[in-house]
Amino acid sequence: MKHKILAMITLLTPLVFASSVKAENPLHVQQLLSTGACANCDLSGANLRGAHLIGADLREANLQGANLSHANLEGADLREANLAGANLTGAFVTNADMKEANLNRVNFTEATIYDANVYGASMQDMTISNADIFYTGIGVGGEGAEDVVPDWY
């Protein structure tokens, strides 16, 4: 009897852990890459390394933990998107709208961020080492975001 219970637990344990891990919706990833638009999509944990997402519509998308390293997000609409824990190492983020986005724990190491709107964004524990940031309210402490809203906004 004990062996049957132990065997059942051994077989079911991987299923329990697999169902609790949240990953991107593959259809949403395909939609983003083929159309450049995926508002409200689940892209959590997606591997979008080096993706060309110029002008992409990612409003309110869940990009939590996504790999966007070396991605081109020029002009992307990321308003109210969840980027918590995302990797944007070496990403090109110019003229992007990240108003009220969750940027907590985002890795912006060596990223290029020019004229981005981060007004009202949450920016706790970001990594911004060796990043080029101009005309954007990102800095140590995230101070001054309301003073650096681009003219185009």
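Residues numbered from 1 in each chain as written. Predicted model: local features only at pLDDT ≥ 70, side-chain atom pairs only at ≥ 80, totals over all residues. Heavy atoms only, no water.

## Regarding the overall build of the chain
Here comes step 1: Secondary structure assignment for the chain yields two helices and three strands.
Here comes step 2: When the 153 residues of the chain are sorted by exposure, 39% land in the buried category.
Here comes step 3: Total accessible area on the chain is roughly 8,600 Å²; 53% of this is exposed by carbon and sulfur atoms. (Helix = DSSP H or I, 4+ residues; strand = E, 2+ residues; numbered from the N terminus. Buried < 20%, exposed > 50% of the residue type's maximum accessible area, 1.4 Å probe, protein only. Areas by Shrake-Rupley, 256 points an atom, 1.4 Å probe, with all protein chains shown as cover.)

## Remarks on the sheet that holds strand E3 (residues 132–134)
Here comes step 1: The parallel open sheet is built from three strands, whose spatial order is E1-E2-E3. Each end of this open sheet is capped by a strand with a single partner; those strands are strand E1 (92–94) and E3. Sheet twist, expressed as the mean angle between neighbouring strand axes with direction ignored, is 5°.
Here comes step 2: Here strand E2 (residues 112–114) pairs with E3 via three bridges, running parallel. Each residue of the ladder has a partner; that of Thr-112, found in E3, is Asp-132. (Pairing = 2+ DSSP bridges. Axes fitted to C-alpha atoms, helices over the stretch in contact; angles between N-to-C directions.)

## Focus on unusual backbone geometry
Here comes step 1: Positive phi, close to 50°, is recorded for Asp-115, a residue that is not glycine.
Here comes step 2: Relative to the assigned elements, Asp-115 resides in the loop between E2 and E3.
Here comes step 3: The class of Asp-115 is partly exposed, set by a relative accessible area of 26%.
Here comes step 4: Here the phi dihedral of Asp-125 falls at roughly 60°; this positive angle occurs in a residue that is not glycine.
Here comes step 5: Looking at Asp-125, the relative accessible area reads 64%, which means it is exposed.

## Overview of helix H2 (residues 26–35)
Here comes step 1: Between a side-chain oxygen at the N-terminus of H2 and the backbone nitrogen of Leu-27 the separation is 2.9 Å; the capping residue is Asn-25.
Here comes step 2: Backbone geometry just downstream of H2 places Gly-36 in the positive-phi region, at approximately 80°. (Polar contact = N/O pair within 3.5 Å; in protein donor to acceptor, adjacent residues only side chain to side chain.)

## Description of the state of the cysteines
Here comes step 1: Applying the stated criterion across every chain yields a total of one disulfide.
Here comes step 2: Paired through a disulfide, Cys-38 and Cys-41 show a sulfur-sulfur distance of 1.8 Å. Residues Cys-38 and Cys-41 share a disulfide whose torsion about the S-S bond is about -90°; that sign makes it left-handed.
Here comes step 3: Given the relative accessible area of 0%, Cys-38 is considered buried. (Disulfide = S-S within 2.5 Å.)

## Notes on the pattern of salt bridges
When charged atoms on two side chains of opposite charge get close, those side chains can pair.
Here comes step 1: Enumeration according to the criterion identifies four salt bridges in this entry.
Here comes step 2: Between Asp-77 and Arg-59 there is a salt bridge; the shortest N-O distance is 3.7 Å. Linking Asp-77 in the loop between H2 and E1 with Arg-59 in the loop between H2 and E1, this pair joins segments that are 18 residues apart in sequence.
Here comes step 3: Given the relative accessible area of 34%, Arg-59 is considered partly exposed.
Here comes step 4: A network of salt bridges, in which partner residues are shared, links Asp-57, Arg-59, Asp-77, Arg-79 and Asp-97. (Salt bridge = Lys/Arg side-chain N within 4 Å of Asp/Glu carboxyl O.)

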